[in-house]
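An overview of the molecular structure
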Amino acid sequence: MTEFFVSLCGLIVAALLAPWVGRRLGRWSGWLLAFFPLMVLVQLLRLWPGLLQGETPVLSLPWAAELGLSLTLRLDGLGALLALLVAGIGALILIYGAAYLEGDARLGRFLSVTLLFMLAMLGVSVSDNALLLFVFWELTSITSFLLIGFDHERAEARAAAWQALLVTGGGGLALLAGFILLGNLTGSFDISVWVMQRQMLTAQPQTTVALLLIVLGAMTKSAQFPFHFWLPNAMQAPTPVSAYLHSATMVKAGVFLLARLLPVLGGLALWPVLLPWVGWVTLLVGALLALGQTDLKRLLAYSTVASLGALVLLLGLNTPLSVKAAMVFLPAHALYKGALFLVAGGVDHAVHRRDVRQLGGLRRALPWTALAGGVAAFSMAGLPPLLGFLSKELLYESLLSAPSAVLMTVGGVLANVLLTAVAAWVGLRPFWGQLKSGLDHAHEGAVGLWLAPLLLALVGLLAGAWPGEVGRWLIAPAVQAVWLEPVKVKLSLWHGFNLPLLLSLLTLVLAGGVYALQLAQRLAEARWWAALGRFGPATWYERTLKAVLGFAAWQTRLLQSGYLRRYILWIVFLSVALALPLALLSLGGLPPVVWSGARFYDVILVGIIIVAAFLVTRSRSRLATIALLGSIGYSIAILFLLYSAPDLAMTQFAVETLTVILFVLVIYRLPKFRQLSSRRRRLWDVTVAVLGGVMMTTLMLVVSWQGQDSQLASYFMHNSLSQAFGRNVVNVILVDFRGFDTLGEITVLAIAAIGVFALLKGGAVRRAQGGEDE
Amino acid sequence: MNKPRRVLQRSMMLPVATRYLMPLLLLFSVFLLLRGHNEVGGGFIGGLVAASALMLYAIAESPAALRALLPVAPRPLVGAGLLLALLSGLVAVASGKPFMTGLWIKTPLPVLGKLGTPLLFDVGVYFLVIGIVLWILLTLAED
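In every chain, residue numbers begin from 1 and rise along the written sequence. Chains carry letters and ligands carry numbers; both start at the beginning, A for chains and 1 for ligands, and go up in the order they are written. Where totals are concerned, whole chains, interfaces and linings use all residues; where local detail is concerned, this predicted model gives features only for residues with pLDDT of at least 70, and gives and counts side-chain atom pairs only at 80 or more.

Brief notes about the overall build of chain A
- Scanning chain A for helices and strands turns up 33 helices and 2 strands.
- By its C-alpha atoms, chain A is 110 × 65 × 50 Å across when sized along the principal axes. Here a helix means four or more residues in a row that DSSP labels H or I, a strand means two or more in a row labelled E, and each is numbered from the N terminus.

See the structure below:
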């Protein structure tokens, strides 16, 4: 397991190397970087014999134990199945992507982010700690955001990236809440502990709330209706990304999570009521919407939505048969859909077209791509002897034995008819029939471009040809991890002449009809179909987003008017309103004022401060104002010195000096000193100033009054030299005892400096570019 | 932007005085930085003093002259300072202790005194403060 962990860390190294490798090696960079996921694959396979014997290797490193967060990796059959897909397909995606984006200056970025995604996704599949899983889960969302917005100069790509991030991120928050609920109920965040305490959990009413929250997270991630709309929009990403993240792996995370938690939450009454119907609706909606598309990638995206719905439906049914079906469907779909996406990308790369109506007859120009497309399409259509056939037979079998079997089965068959037609549209139509105009010069691209989809498609073919072995070695451990008891997995192509086979035949016949009638093309051109789309949940998203942004703009206008006086007003008022009542409440009255005999020089200094402060308000020249403010500052510094705070005094001196320097620099550029505010305004200002002063005075009194019985001062005094080897307590607090605070503060300082720089220079740049704003 | 209404008469006093003052002030700032753990001083104060010294030079000569004098531009200095402060905390992590545990070399060195990661942290603060002040003020001065 340690070797496996090391191979995961290798992906970080690869991600760091990728920008450089991408620049130096071009299309060959993918071949080199594929080494890293292949190492993960090798380590995974080395652990496989143990998995078959029921071992689940665990690796646990402490992280933040107080939060219940530990780096606990646990490899079971389910996680291993997903990890196998992620690493295997990932290696091919790197090879394909490097060829696809060859010559693009952003190739290195693509490779780097893809490798990071791979790491995050592998993390999701092997995390045993729920919080760790959540961290990886969010990392996949972030890398997905970066990859969807890869073409960040196009507004649509940016909008799609935002949409995906907001939808999946919002679901992620719900997921976290669900995890925390379960964690509080069991006292642990280890999923294996949850599994052990599942009977106790099932009895608690809060568990149902947790289930709802977690399902919400899974639904957004796996694009279930009504959150499905982000997935088709995510097709703004480069095609290898769509193939990898948005069909083969990332969108499976939600399904995976449901499978992972099925042992914990499957016993709840809500599970078999809610999930099958969520999946059923998504399956139908996805398949129906796919029909109206003409863009290769969007066709595939909607069909992916449908397939994800099927997976949720199967897990929701929660029977050994349906779990088995889901575990076969998962790799089958990843293989054929990944391959089809890559085929679509290959066609796009060769002829720069994705509209299926303008494609045809490319089989001679792109023979290998055509072969890959054909095999993958047959798998998607569920033809023997491909893996897709096995998964579809199992799907039908599960639906036939489900509660409300008729409705379920009719929906399933209908969706599959449409999906089969889509498979033919994407995998066959671009290559067969008459060569469409403008495609004469097409030719096969770099090796990686056709090899990757071909390999994926062939793996699907081989897996279908040896169903018994696949069932024993691949599917059985995964099913056992979900069902917790050994389930007999005997896959075979021929089950005899039964109802699922009849349904399969029916599906093919109907799909042929749909294809022949060109129903998809007619729908795509029908205006009423497009109008229907406007009522979808995407519109709700738009409205919500608009409302949130509108509110943000409104409150920004209110709070941040751009006038300095208004800012000060808000800050002072809010601090007074928040701090003063709290301070007085905690004290239960006004703090007692203790006169501790003032020395004559104290009186003089305070006198200077008061007189100078008064004069500042009456001053009619800027230079005098600066000098008066300076004298206030220096007097305060001397007060610090007198009350034995030399560090504070020195800092104050230095800051005052720098302020003078600042004024020297800008004084000639400032406009003429004038009084613009009205009398009423000034009275108002006086009120604010007095309020602020009263608050600060009260706070100081409270602090000095309560400070008397505080342990802090004596603690720092005693431990400064012995623990931190320093006699200057102030400095020791700054750099050692409270060093973390200081680190935060200097970070804020650096950010503030960036802000000041942007304010000073940003305007200049904008003016130089032709003055958009002014 | 308003043009300066008067052209400043260049005075001899300031440049000549600065020539002697600036090195002294810079030396003083390093002194403040190093003694900070035991006496009055520290990275923040040291950084402010050093920045004042350098700004004095910018006023006496010109902002461009200061830029030419600086071996590192202010902006990378900010990043370097922040990174140094962060690294000083990570040293403890590398040796298996919690983040930002102070580690010390037990034997004191001449001039520098006792060396430890808190001093490294303070050095980071020192550079960050110099970088920020110079960055903002030079941007203002050159605008």
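Observations concerning the overall build of chain B
- Looking only at helices and strands, chain B has 5 helices and 0 strands in total.
- Along its sequence from the N terminus, chain B presents helices and strands in the succession α-α-α-α-α.
- Residues are called buried when their C-beta atom has 20 or more other C-beta atoms within 10 Å, exposed when it has 12 or fewer, and partly exposed otherwise; all C-beta atoms are positioned from the backbone. Burial statistics for chain B: of 143 residues in total, 42% are counted as buried.
- Two residues qualify as a contact pair if the distance between their C-beta atoms, derived from the backbone, is within 7 Å. Sequence-distant contacts in chain B: of pairs separated by 6 or more residues, those separated by 24 or more amount to 66%.

Some details on the confidence of the model for chain B
- Looking at chain B as a whole, its pLDDT mean stands at 84, while 90% of the residues score no less than 70.
- For this predicted complex, the interface confidence score (ipTM) comes to 0.87, while the overall pTM stands at 0.76. The quantity known as pLDDT measures the predictor's confidence residue by residue, on a range of 0 to 100.

A few points about the packing of helix α4 (residues 77–100) of chain A against helix α12 (residues 239–248) of chain A
Residue and element names in this part refer to chain A.
- Interaxial angles span 0 to 180 degrees and are taken between N-to-C directions of axes, which are lines fitted to C-alpha atoms, for helices over the stretch in contact. Packing of α4 against α12 leaves a shortest axis separation of 8 Å and a crossing angle of 165 degrees. With respect to their mutual orientation, α4 and α12 come out roughly antiparallel. Of the two elements, α4 crosses α12, and the hand of that crossing is left-handed. On α12, the residues that touch L85, I89, G90, I93, Y96, G97 and Y100 of α4 are T239, P240, A243, Y244 and A248.
- Its residues placed into classes, the contact of α4 with α12 shows 9 nonpolar, 3 polar and no charged. Should an angle lie under 35 degrees it is considered roughly parallel, over 145 roughly antiparallel, and from 65 to 115 roughly perpendicular; all remaining angles are considered oblique. In this scheme, a crossing is called left-handed if the near helix is turned counterclockwise away from the far one by less than a right angle; it is called right-handed if the turn is clockwise. Under the grouping applied here, Gly and all other residues not named as nonpolar or charged are polar, the nonpolar ones being Ala, Val, Leu, Ile, Met, Phe, Trp, Tyr, Cys and Pro and the charged ones Asp, Glu, Lys and Arg.

Brief notes about the interface of chain A and chain B
- Taken together, the contacts link 39 residues of chain A with 42 residues of chain B.
- Contributions of two or more residues to the side of chain A that touches chain B are made by α29 (646–666), α32 (729–737) and α33 (739–768) of chain A.
- Ranked by the residues each element gives to the side of chain A that touches chain B, the list is headed by α33 of chain A, at 14 residues.
- Its residues placed into classes, the side of chain A that touches chain B shows 26 nonpolar, 8 polar and 5 charged.

Focus: the pairing of strand β1 (residues 58–64) of chain A
Residue and element names in this part refer to chain A.
- For two strands to be treated as a pair, DSSP must find at least two bridges joining them. Relative to strand β2 (residues 69–74), β1 is paired through 6 bridges, and the arrangement is antiparallel. Counted as the bridge partner of L61 is L71 from β2.
- Taking the residues that link successive antiparallel strands as the turn, the β1-β2 hairpin has 4 residues, and the phi of G68 there is positive, at about 75 degrees.

Overview of the environment of L86 of chain B
Residues and elements named next belong to chain B.
- Checked against the element boundaries, L86 lands in helix α4 (residues 74–94).
- C-beta crowding within 10 Å serves as the criterion here: with 16 such atoms nearby, L86 is assigned to the partly exposed category.
- Measuring from C-alpha to C-alpha, the distance between L86 and T107 comes to 24 Å, with 21 residues separating the pair along the chain.

Focus: the nonpolar core
- Ranked by size, the top nonpolar core spans 207 residues in total, and within it L115, L315 and L340 of chain A carry the most contacts.
- Tallying contributions element by element places helix α16 (residues 320–351) of chain A first for this core, with 20 residues.
- If near-sequence neighbours (up to four positions away) are discounted, L115 of chain A is found in contact with L11, A14, A15, A18, L33 and F36 of chain A.
- By convention in this section, buried Ala, Val, Leu, Ile, Met, Phe, Trp, Tyr and Cys residues joined through C-beta atoms within 7 Å make up a nonpolar core. Membership of the second largest hydrophobic core comes to 52 residues, among which are L743 of chain A together with A53, M55 and A85 of chain B.

Quick word on the packing of α29 of chain A against helix α5 (residues 117–142) of chain B
- Here α29 of chain A crosses α5 of chain B at 20 degrees, and the two axes come no closer than 9 Å. As judged from the angle between their axes, α29 of chain A and α5 of chain B are roughly parallel. Considering the relative orientation of α29 of chain A and α5 of chain B, their crossing is left-handed. Across the interface between the two elements, L658, I661, L662, L665 and V666 of chain A from α29 of chain A touch V133, L137, L140 and A141 of chain B from α5 of chain B.

A closer look at the environment of S621 of chain A
Residue and element names in this part refer to chain A.
- Inspection of the secondary structure assignment puts S621 in the loop between α27 (600–618) and α28 (622–642).
- Accessibility expressed as a C-beta count within 10 Å gives 9 for S621, which makes it exposed.
- As for S621 and K672, which are separated by 51 residues in sequence, their C-alpha atoms are 9.1 Å apart.

So, unusual backbone geometry
All names here are of chain A.
- For the bond from F225 to P226, the omega torsion is 5 degrees, close enough to zero to count as cis.
- The topology assignment puts P226 in the loop between α10 (206–221) and α11 (230–233).
- Here the amide bond leading from P384 into P385 is cis, since omega sits at 5 degrees, within 30 degrees of zero.
- Along the chain, P385 turns up in the loop between α17 (367–381) and α18 (387–400).

Quick word on the environment of R353 of chain A
Residues and elements named next belong to chain A.
- Within the fold, R353 resides in the loop between α16 and α17.
- Separated by 91 residues in sequence, R353 and E444 have C-alpha atoms that sit 15 Å apart.
- Those residues within four positions of R353 in sequence are excluded, and the remaining contacts are D348, Q358 and L359.

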